[in-house]
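Per-entry structural report
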Amino acid sequence: MQPQHQFNERDVEVHDRQTVFQGFFKMIRLRLRHKLFAGGWSEPMDRELFEREPCVGVLIFDPKHRLIALTEQFRVGVMGQGQNPWQFEVVAGISEPGETLPEVARREVMEEAGLETDELIAMCDYWVSPGGSNERMHLFCALVDLTDAGGVFGVAHESEDIRLHVFPEQQVYEWLDQGLLNNAATTISLMWLQINRQRFL
């Protein structure tokens, strides 16, 4: 049984759509109106929308040796917020035209961690911030032998400078509980693994 919604996309009228910025990211402005729960239609409103291709996040887990690999890289959005802008994260990247989501996951694991991915498990997907973005994150768990993993990786022409760290599984859970791994994809992935890890032992 699924939750039932009163409205769907047919209950929205888009009157205008303009690209207001096109760079590494794309921003559009929509003028629209939608039906109201109390009846009738809203007044026309302007909404800016951050557009992005589907994204993939990959948690790299070694169940045999109870190890987790996390990347570390600079994140401009954390600057000035009282936390270190070098963040520990799961591997992540944006899909390119014609790629399937598992293909994106395997490509990103090779680019950011230097690892081949044989076993890939779909975890979940979610809308990152649907009030202003169409970005959808698809999470996977890659089962990999991490005994010899680590190093510096990244794609030079994308200005990536990424260090791969390998940590004991329990240490990562402790950092999660302490709020030290607080970006969404990493938090959700690690919570999923805590719930499902017995499947891999």
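Going by the structure above, here's the rest.
A short tour of the structure in this document, coming up. (Residues numbered from 1 in each chain as written. Predicted model: local features only at pLDDT ≥ 70, side-chain atom pairs only at ≥ 80, totals over all residues. Heavy atoms only, no water.)

Tallying secondary structure elements over the protein chain gives three helices and eleven strands in all. Overall, the protein chain shows an N-to-C arrangement of helices and strands of β-β-β-β-β-β-β-α-β-β-β-β-α-α. Seen along its three principal axes, the alpha-carbon backbone of the protein chain occupies a region of about 60 × 45 × 40 Å. The proportion of buried residues among the 201 residues of the protein chain is 39%. Nonlocal contacts in the protein chain, meaning residues at least 24 apart in sequence, comprise 51% of its contacts between residues at least 6 apart. When the accessible surface of the protein chain is split by element, carbon and sulfur atoms take 51% of a total near 12300 Å². Taking the average place of the 18 positive charges on the side chains of the protein chain and the average place of its 31 negative ones, the gap between the two points comes to 7 Å. (Helix = DSSP H or I, 4+ residues; strand = E, 2+ residues; numbered from the N terminus. Buried < 20%, exposed > 50% of the residue type's maximum accessible area, 1.4 Å probe, protein only. Contact = heavy atoms within 4.5 Å. Areas by Shrake-Rupley, 256 points an atom, 1.4 Å probe, with all protein chains shown as cover. Lys, Arg positive; Asp, Glu negative; His and termini not counted. Charge placed at Lys NZ, Arg CZ, Asp CG, Glu CD.)

Once that is clear, we can look at the environment of valine 155. Here valine 155 shows up in the loop between strand E10 (151-153) and strand E11 (162-168). Taking the C-alpha atoms as reference points, valine 155 and glutamate 111, 44 residues apart in sequence, are found 6.6 Å from one another. Ignoring any residue separated from it by four or fewer positions in sequence, one finds valine 155 in contact with Glu111 and Glu160.

The subject of this paragraph is the pattern of salt bridges. Inspection of every chain in the model, using the stated rule, returns 14 salt bridges. Aspartate 46 serves as the salt-bridge partner of arginine 31, at 2.9 Å between the closest nitrogen and oxygen. Here arginine 31, found in strand E2 (residues 26-34), pairs with aspartate 46, found in strand E3 (residues 45-51); they are 15 residues apart in sequence, far enough to count as distant. Notably, a salt bridge pairs arginine 75 with glutamate 89, separated by 2.8 Å at the nearest N-O pair. Remark: glutamate 89 occurs in strand E6 (residues 86-89) and arginine 75 occurs in the loop between strand E5 (67-74) and E6; sequence separation between them is 14 residues. Three or more residues joined by partner-sharing salt bridges are found here, namely Glu99, Arg107, Glu108 and Glu111. (Salt bridge = Lys/Arg side-chain N within 4 Å of Asp/Glu carboxyl O.)

Moving on to helix H2 (residues 169-177). Every buried residue of H2 is listed here: Glu169, Val172, Tyr173 and Leu176. For H2, the buried positions fall inside an angular range of 100 degrees around the axis, keeping them on one side. The secondary structure elements touched by the buried residues of H2 are strand E4 (55-62), E5, E11 and helix H3 (184-196). Glycine 179 sits one or two positions beyond H2 and adopts a positive phi of about 75 degrees. (Arc of directions from axis to C-beta.)

Right, let's talk about the sheet that holds E2 for a bit. In a beta sheet, neighbouring strands pair by backbone hydrogen bonds and run either parallel or antiparallel. Spatially, three strands are ordered E1-E2-E3 in an open sheet, and the strand pairing comes out antiparallel. In this open sheet, the two edge strands, each paired with only one partner strand, are strand E1 (12-22) and E3. The sheet shows a mean angle of 25 degrees between the axes of neighbouring strands, direction not considered. Alignment of E2 against E3, held across seven bridges, turns out to be antiparallel. By the bridge assignment, arginine 29 is partnered in E3 with glutamate 48. (Pairing = 2+ DSSP bridges. Axes fitted to C-alpha atoms, helices over the stretch in contact; angles between N-to-C directions.)

Let us look at a nonpolar patch on the surface. Side chains of Phe74, Val76, Met79 and Trp86 sit close together on the surface and give an oily, nonpolar patch of about 420 Å² of accessible area. By relative accessible area, valine 76 is classed as exposed at 60%. (Patch = residues over 30% accessible without salt bridge, like charges linked within 9 Å, V, L, I, M, F, W, Y side chains within 5 Å.)

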